[in-house]
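A structural walkthrough
Here is what each chain is made of, one letter per residue.
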Amino acid sequence: MLPDPIPSRIYLTGFMGCGKSTVGPVLARRLNYGFIDLDESIGESARKSVAAMIEDEGEAAFRAREVDALLSSSIRRHMVVATGGGSLLNPDSQRVARDTGMLVYLRLPVETLAKRLFGATNRPLLLGPDGGILSKRALSDRIEFLLAEREPFYAQADFVVDVENLDPEYVAGIITDSLDLRA
């Protein structure tokens, strides 16, 4: 196990599609930590997808589940936690993450996010009012709008990694190198 100055929990944040769920397990393996994907964990406990939860219960109910899941993850030691794209918009969630670990923002430009997310039907916040797939232009506009709202929260992270054109192993290496500098 790594020495104590290394945070016991590392929370990955960033917009949906930035790579939190992909980088997280790689980082966890490098650190010999466990890994939790909050969206996946919430889906398993609710026995339905995030999209179905938002459709059935509304976004506010889903966000309440996120707070609970984050609190549960915050008591586990030696964990990498992939937060949902909007998880840390809640001040209580942001406080929990900051008080119990290190927050890492995986940043991508709007254009790359739109390319990665175009055609996704499992992202209810990125679907049209009729539940259909948005055009590429409308999707970019929607991402830009949501990112403008979320960026101030993401920017409060302890460490920011611009992940454009970087593979998950390399990103995990950047993060672990930053931990060595902080130790």
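Cut-offs and rules
Residues numbered from 1 in each chain as written. Predicted model: local features only at pLDDT ≥ 70, side-chain atom pairs only at ≥ 80, totals over all residues. Heavy atoms only, no water. Helix = DSSP H or I, 4+ residues; strand = E, 2+ residues; numbered from the N terminus. Rg over C-alpha atoms; globule rule 2.2 N^0.38 Å. Buried < 20%, exposed > 50% of the residue type's maximum accessible area, 1.4 Å probe, protein only. Contact = heavy atoms within 4.5 Å. Lys, Arg positive; Asp, Glu negative; His and termini not counted. Charge placed at Lys NZ, Arg CZ, Asp CG, Glu CD. Axes fitted to C-alpha atoms, helices over the stretch in contact; angles between N-to-C directions. Parallel < 35°, antiparallel > 145°, perpendicular 65-115°, else oblique. Nonpolar A, V, L, I, M, F, W, Y, C, P; charged D, E, K, R; others polar. Pairing = 2+ DSSP bridges. Salt bridge = Lys/Arg side-chain N within 4 Å of Asp/Glu carboxyl O. Core = buried A, V, L, I, M, F, W, Y, C linked by side-chain atoms within 4.5 Å. Phe/Tyr/Trp six-rings, centres within 6.5 Å; stacked < 30°, edge-to-face > 60°. Lys NZ or Arg CZ within 6 Å of the ring centre and 35° of its normal.

Attention shifts here to the overall build of the chain. Looking only at helices and strands, the chain features eight helices and five strands. Taken against the 2.2 N^0.38 rule, which gives 16 Å for 183 residues, the C-alpha radius of gyration of the chain at 16 Å falls within 12% of a compact globule. Dimensions of the chain, computed from C-alpha atoms along their principal axes, come out at roughly 50 × 35 × 25 Å. Per-residue burial over the chain gives 48% buried out of 183 residues. For the chain, the share of sequence-separated contacts (at least 6 apart) that also reach a separation of at least 24 residues comes to 73%. Each charge sign in the chain was given a centre, from 21 positive and 26 negative side chains, and these centres are 1 Å apart.

Moving on, we come to the packing of helix H4 (residues 59–74) against helix H5 (residues 91–100). Remark: H4 packs on H5, axes separated minimally by 10 Å, with the N-to-C direction vectors making an angle of 10°. The angle between H4 and H5 falls in the class roughly parallel. For the pair H4 and H5, the contacting residues are Val67, Leu70, Leu71 and Ser74 in the first and Ser93, Val96 and Thr100 in the second. Class assignment for the residues of the contact of H4 with H5 results in four nonpolar, three polar and no charged.

So, on to the sheet that holds strand S3 (residues 79–82). Strand order across the open sheet formed by five strands is S2-S3-S1-S4-S5, with parallel pairing between neighbours. Whereas interior strands pair on both sides, the edge strands pair on one side only; in this sheet they are strand S2 (34–37) and strand S5 (159–162). Sheet twist, expressed as the mean angle between neighbouring strand axes with direction ignored, is 20°. Across four bridges, the pairing between S2 and S3 is parallel. From the neighbouring strand, Phe35 faces S3, where its bridge partner is Val80. Along the sheet face, helix H2 (residues 38–46) touches S2 and S3 and points at about 70° away from the line of S2.

Before going further, it helps to examine the pattern of salt bridges. Tallying each qualifying case throughout the model produces ten salt bridges. Notably, a salt bridge pairs Arg30 with Glu169, separated by 3.5 Å at the nearest N-O pair. In this pair, Arg30 is assigned in helix H1 (residues 20–31) and Glu169 in helix H8 (residues 168–182), connecting sequence segments 139 residues apart. Look at Arg30 and you get partly exposed, because its relative accessible area is 40%.

Ranked by size, the top nonpolar core spans 54 residues in total, and within it Phe15, Leu106, Ile143 and Ile175 carry the most contacts. Once residues lying within four places of it in the same chain are set aside, the contact partners of Phe15 are Lys20, Leu113, Leu117, Leu126, Ile143, Leu146, Leu147, Arg150 and Tyr154.

So, about the packing of aromatic side chains. Aromatic ring pairs: the centre-centre distance and the angle between the two ring planes describe each pair. Under the counting rule described, the total for this entry stands at one aromatic pair. Here the guanidinium or amino end of Lys136 rests over the ring plane of Phe118, the centre of that ring lying 5.3 Å away.

This next bit is on the environment of Val26. With respect to the helices and strands, Val26 occurs in helix H1. According to the relative accessible area criterion, Val26 is buried, its value standing at 14%. Counting along the chain gives 143 residues from Val26 to Glu169, while the straight-line C-alpha distance between them is 6.4 Å.

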